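Working through the structure, step by step
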Amino acid sequence: MSVNVHPVKPEWKAKGLIDNDTYLAWYKRSVEDPEGFWAEHGKRIDWIKPFSSVKNTNFNTPGVSIKWFEDGTLNVSANCIDRHLATRGDQVAILWEGDDPSEDRKITYRELSEQVNRLSNVMKANGVKKGDRVTIYMPMIPEAAYTMLACTRIGAIHSIVFGGFSPDALAGRIEDCGSDFVVTADEGLRGGKKVPLKANTDKAIEIAEKAGAKVRNVLVVRRTGGAVAMKDGRDIWYHEAMDAASADCPPAEMSAEDPLFILYTSGSTGKPKGVMHTTGGYLVYASMTHQYVFDYQDNEVYWCTADVGWVTGHSYIVYGPLANGATTLMFEGVPNYPSPSRFWDVVDKHDVSIFYTAPTAIRALMGAGDEHVTKTSRKSLRVLGSVGEPINPEAWEWYYKVVGEERCPIVDTWWQTETGGILITPLPGATDLKPGSATRPFFGVQPQLVDNDGNVLVGATEGNLCITDSWPGQMRTVYGDHERFEQTYFSTYHGKYFTGDGCRRDDDGYYWITGRVDDVINVSGHRMGTAEVESALVAHAKVSEAAVVGYPHDLKGQGIYCYVTLMEGEEPSDALRKELVAHVRSEIGPIASPDKIQFAPGLPKTRSGKIMRRILRKIAEDDFGALGDTSTLADPTVVDDLIDNRQNKK
Ligand code: WTA
């Protein structure tokens, strides 16, 4: 495969915070002397009581334990707000762009301070205490960021649930972390369509309470003004409570290892797990990566198009940028509303310098035609970023040439909910770019490739991606289930963090992520466990068994392909297909909508009853010439029927 290398341009190097020599020197120090390196960079945030211990981590099972800066104390909201007030009180902190292009709001650091202080007092007055779990189910409005920051101010732990998730999914997350306080809005607004967030919350609480949960209060932001039911004694209007609250709430002194937030994410087995991040190390890592990866410089407008319901929104819309005193743009809408020029119109309207989005959006906009891009100016753009899934070189080149007019380096950032921040990435002033490669590790990150038996692979090679030592932003545990944490991440390859991703390393030591090697699929940059979709399908009365795999999809990266065996007496039909799609949407949410459903009288199983997914993946890809050995199947004839009825015939 020929690779079109784009060397660092002299002007990128001149402007950049880090050049290649600096990268190499810092990287070397970061892995040879992590204590010294992180002691120095740990000081980039404000501590109430400075740390004396830097790193105390163990990756060996049992007894995995990860602690950074553990005797230091701090407050995240003080770092994201208070410390900027003297120098940047009047600078815009959050630049909000509504779904409707005529709506925007500019919130200065001083205004942010007032809102967050009031909200902290509202939460306290309603019984939210240090260590309590607060569930946030909100649209992309500034109040979502206020709520996150108010939680950190009083030491409550937030758990954000993406507004596209169903009541069932929300209920499971409320229940799992025992959250008794929920913050939501009447309705969300995306692409001109309303999302019934409050009604979904009501349903979710009903489901959760049947399972034994108890929600004391629901705080409701008025976004659209749509009619919603308010339950007496439980539901509180945000605007009414805020008016009555004081604008002064001193920040709580938190230990570096106190929990900051929980964020549920999909794994290869079971229910989504509550990824838990803590306070000090996370903030150091989020702010440091935000500054150096995006080369953020004072007074620039920075825009990450993610939703705060995903980790990218946590680290790179809210915590990283605000800790750095940046102006962070928060967008309520979608890339193609009211037209496919929307992103670039917003870039021009607000003079955006740094723009960070996902390959799925880039591919969709590429498909809509260059004219939607070229009719806009985009002259403010300086750095472009990509995250969430591998970016194909065609999309990379289009982003580079058409969007960035070859002026802007692209940082293809590889990381995960679990990693808290970016681990493998170019730095704008330092790294020669190769389209499709996330390039080199960030400071302190030590990637390693291993084969399926755990043998370490050296040089140019391909294998399973592990990280051999800790970095400050790493997750600390699965909420309430430390054993699952050890099992999931540290037992496959003993003593190493296993990412679940496959990866190639080239002759220059560049990393090329090839995608998940477990049963997690990546649909439009959203992570999904095939097990979750399967359990939603088998919950349908007509389904007896289901197996779900991913297949290559031009726009989404991967599509969701479901093999479904019906109950005795049920007949396959297109109507039933539609019913099953609707069922999965209501169990999980629209992002989990199956793309293909194949009715299968039988699934390929080994004699011990294990479904052979390798075969199902091949058939879904329409690549059944290479099925390999099927003789170990309990009933090899099922394969012929699967092939005959495949849904992706080319
Ligand atoms: C994938 C999102 C290739 C990967 C921040 C990872 C990527 C999963 C990239 C994590 C990238 C993320 N190149 N693959 N630049 N970024 N991924 O937890 O498979 O939603 O394991 O975190 O997305 O998804 P998550």
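Residues numbered from 1 in each chain as written. Predicted model: local features only at pLDDT ≥ 70, side-chain atom pairs only at ≥ 80, totals over all residues. Heavy atoms only, no water.

**Some words on the sheet that holds strand β19 (residues 383-387)**
Put simply, the rule reads: Only strands that DSSP links by at least two bridges are regarded as paired with each other. Put simply, DSSP H or I for four residues or longer makes a helix, DSSP E for two residues or longer makes a strand, and each gets a number counted from the N terminus. Each axis is a line fitted through C-alpha atoms, and for a helix only the stretch in contact is used; angles between axes span 0 to 180 degrees, taken between their N-to-C directions. We call two residues in contact when some of their heavy atoms are within 4.5 Å.
Taken together, the seven strands give an open sheet; going across it, the order is β5-β4-β17-β16-β18-β19-β20, and neighbouring strands pair in mixed fashion. The sheet terminates laterally at β5 (104-108) and β20 (410-413), the two strands that pair on one side only. Averaged over all neighbouring strand pairs, the angle between strand axes comes to 20°, with direction disregarded. Looking at chain direction, strand β16 (residues 301-304) and strand β18 (residues 352-357) are connected through four bridges and run parallel. Bridging from a neighbouring strand, cysteine 304 pairs with tyrosine 356 of β18. In the packing of helix α7 (residues 142-154) onto the sheet, contacts are made with β4 (92-97), β5 and β17 (327-331), and the angle to β5 comes to roughly 30°. Taken strand by strand, helix α13 (residues 342-350) contacts β4, β5, β16, β17 and β18, and its axis lies near 150° from that of β18.

**A look at α7**
Selection rule: Helix span, as expected, comes to 1.5 Å for every residue beyond the first. Only protein chains enter the accessibility calculation, which uses a 1.4 Å probe; a residue whose area is less than 20% of its type maximum is buried, one above 50% is exposed, and one in between is partly exposed.
Across its 13 residues, α7 extends 19 Å between first and last C-alpha, which sits within 8% of the 18 Å expected from 1.5 Å per residue. Of all 13 residues that make up α7, 13 are buried, and the element is covered over most of its length. Looking one or two residues beyond α7, the residue adopting positive phi is glycine 155, at roughly 85°.

**Concerning helix α3 (residues 34-41)**
Judged by how many residues are buried, α3 sits mostly within the fold: six of eight residues are covered. Taken together, the buried positions of α3 are Pro34, Gly36, Phe37, Trp38, Ala39 and His41. Buried-residue contacts for α3 involve α2 (20-32), β1 (55-58), β2 (65-68) and α11 (280-293).

**Describing the site of the ligand**
This is how it is decided: Nearness is defined per residue: one heavy atom within 4 Å of the molecule or strand is enough. In the analysis that follows, any N or O atom pair within 3.5 Å is treated as a polar contact, provided that within protein one partner can donate a hydrogen and the other can accept it, and provided that, for residues neighboring in sequence, both atoms belong to side chains. Accessible surface area values rest on a Shrake-Rupley calculation with a 1.4 Å probe, where residue burial reflects the displayed protein chains alone.
Taken together, 17 residues lie around the ligand, and Asp412, Thr413, Thr417, Asp501 and Arg527 are the ones closest in. At 2.7 Å from a nitrogen atom of the ligand is found a main-chain nitrogen or oxygen belonging to threonine 413. Relative to its unbound accessible area of 530 Å², the ligand is 96% covered by the protein chains. Sorting the residues of the shell around the ligand by element identifies α12 (311-323), β20 and β26 (511-516) as the ones contributing at least two each.

**Describing the pairing of β5**
Relative to β5, β4 runs antiparallel, the two sharing five bridges. When the sheet's bridge partners are listed, valine 92 is paired in β5 with threonine 108. Hairpin connection, β4 to β5: the antiparallel pair is bridged by six residues.

**A word on the packing of α11 against α12**
Our working definition: An angle below 35 degrees is treated as roughly parallel, one above 145 as roughly antiparallel, one from 65 to 115 as roughly perpendicular, and anything else as oblique. Residue type decides the class: Asp, Glu, Lys and Arg count as charged, Ala, Val, Leu, Ile, Met, Phe, Trp, Tyr, Cys and Pro as nonpolar, and the leftover types, Gly among them, as polar.
The interhelical angle for the contact between α11 and α12, taken along N-to-C directions, is 90°, at an axis separation of 8 Å. It follows that α11 is roughly perpendicular to α12 by the angle criterion. For the pair α11 and α12, contact is made by Tyr282, Leu283, Ala286, Ser287, Thr289 and His290 and by His314, Ser315, Tyr316, Tyr319, Gly320, Pro321 and Ala323, respectively. Residues that form the contact of α11 with α12 fall into these classes: seven nonpolar, six polar and no charged.

**Some details on the pairing of β20**
Selection criterion: Convention used here: a crossover is right-handed provided that the path from the first strand, over the helix, to the second strand proceeds clockwise when the strands point away from the viewer.
Every second residue of β20 is oriented toward a common face, with Ile410 and Asp412 on one face and Val411 and Thr413 on the other, all of them buried. Sheet analysis places β19 next to β20, joined by four bridges and oriented parallel. Each residue of the ladder has a partner; that of leucine 384, found in β20, is isoleucine 410. With helix α16 (residues 393-403) bridging β19 and its parallel neighbour β20, the resulting β-α-β unit is right-handed.

**Observations regarding the sheet that holds strand β22 (residues 456-457)**
With respect to topology, five strands assemble into an open sheet ordered β22-β21-β23-β25-β26, the strand pairing being antiparallel. Edge positions in the sheet fall to β22 and β26, since each of these pairs with one other strand and no more.

**Observations concerning a negative patch on the surface**
Stated formally: A patch consists of residues exposed above 30% relative accessible area that lack any salt bridge, with like charges linked at up to 9 Å and nonpolar side chains (Val, Leu, Ile, Met, Phe, Trp, Tyr) linked at up to 5 Å. One side-chain nitrogen of Lys or Arg within 4 Å of one carboxyl oxygen of Asp or Glu is enough to make a salt bridge. Charged residues are defined here as Lys and Arg on the positive side and Asp and Glu on the negative side; His and the ends of the chain fall outside this count. Where a charge sits is defined by one atom per residue type, namely NZ (Lys), CZ (Arg), CG (Asp) or CD (Glu).
On the surface, Glu175, Asp176, Asp481 and Glu483 cluster together to form a negatively charged patch. Among the structural elements, glutamate 175 can be located in helix α8 (residues 167-176).

**Here's the deal with the packing of aromatic side chains**
Rules: For Phe, Tyr and Trp, rings pair up if their centres lie within 6.5 Å, where Trp contributes its six-membered ring, and each pair is then called stacked (planes under 30 degrees apart), edge-to-face (over 60) or tilted (otherwise). By the criterion adopted, a ring carries a charge over it if an Arg CZ or a Lys NZ lies within 6 Å of its centre and within 35 degrees of its normal.
Scanning all chains against the criterion turns up 44 aromatic pairs. Here the aromatic rings of phenylalanine 485 and phenylalanine 490 are separated by 5.2 Å at their centres, their planes lie at 75°, and the arrangement is edge-to-face. Of the two residues, phenylalanine 485 and phenylalanine 490, both sit in the buried class. One residue, lysine 434, lies across the ring of tyrosine 510, its end atom 4.5 Å from the ring centre. Here the basic side chain of arginine 504 rests over the ring of tryptophan 512, its NZ or CZ set 4.8 Å away from the ring centre.

**Section: the side chain of threonine 360**
Structurally, threonine 360 is set in helix α14 (residues 359-368). Excluding anything up to four places from it in sequence, threonine 360 contacts Glu389, Ser524, Gly525, Leu555 and Lys556.

**Section: the domain arrangement of the protein**
Rules: For the domain bounds, the source is a domain assignment made automatically or taken from a database. We define buried area as the total accessible area lost by two parts upon association, computed with a 1.4 Å probe and summed across both.
Domain assignment breaks the protein into domain 1 (336-407) and domain 2 (524-645). A separation of 35 Å is found between the C-alpha centroids of domain 1 and domain 2. On the side of domain 2, six residues touch domain 1, which itself brings five residues to the contact. Across the domain 1 to domain 2 interface the summed buried area is about 390 Å²; carbon plus sulfur atoms make up 48%. Contact with domain 2 buries surface across domain 1, with Thr360, Arg363 and Glu389 losing the most and accounting together for 76% of the total. Remark: the boundary between domain 1 and domain 2 carries three residue pairs in polar contact (both at pLDDT 80 or more). Residues that form the side of domain 1 that touches domain 2 fall into these classes: one nonpolar, two polar and two charged.

**Describing the side chain of histidine 540**
Its location among the elements puts histidine 540 in the loop between α18 (530-538) and β29 (543-553). Owing to a relative accessible area of 9%, histidine 540 belongs among the buried residues under this scheme. Only 3.0 Å separates the side chain of histidine 540 from the side chain of glutamate 579, close enough to count as a polar contact.

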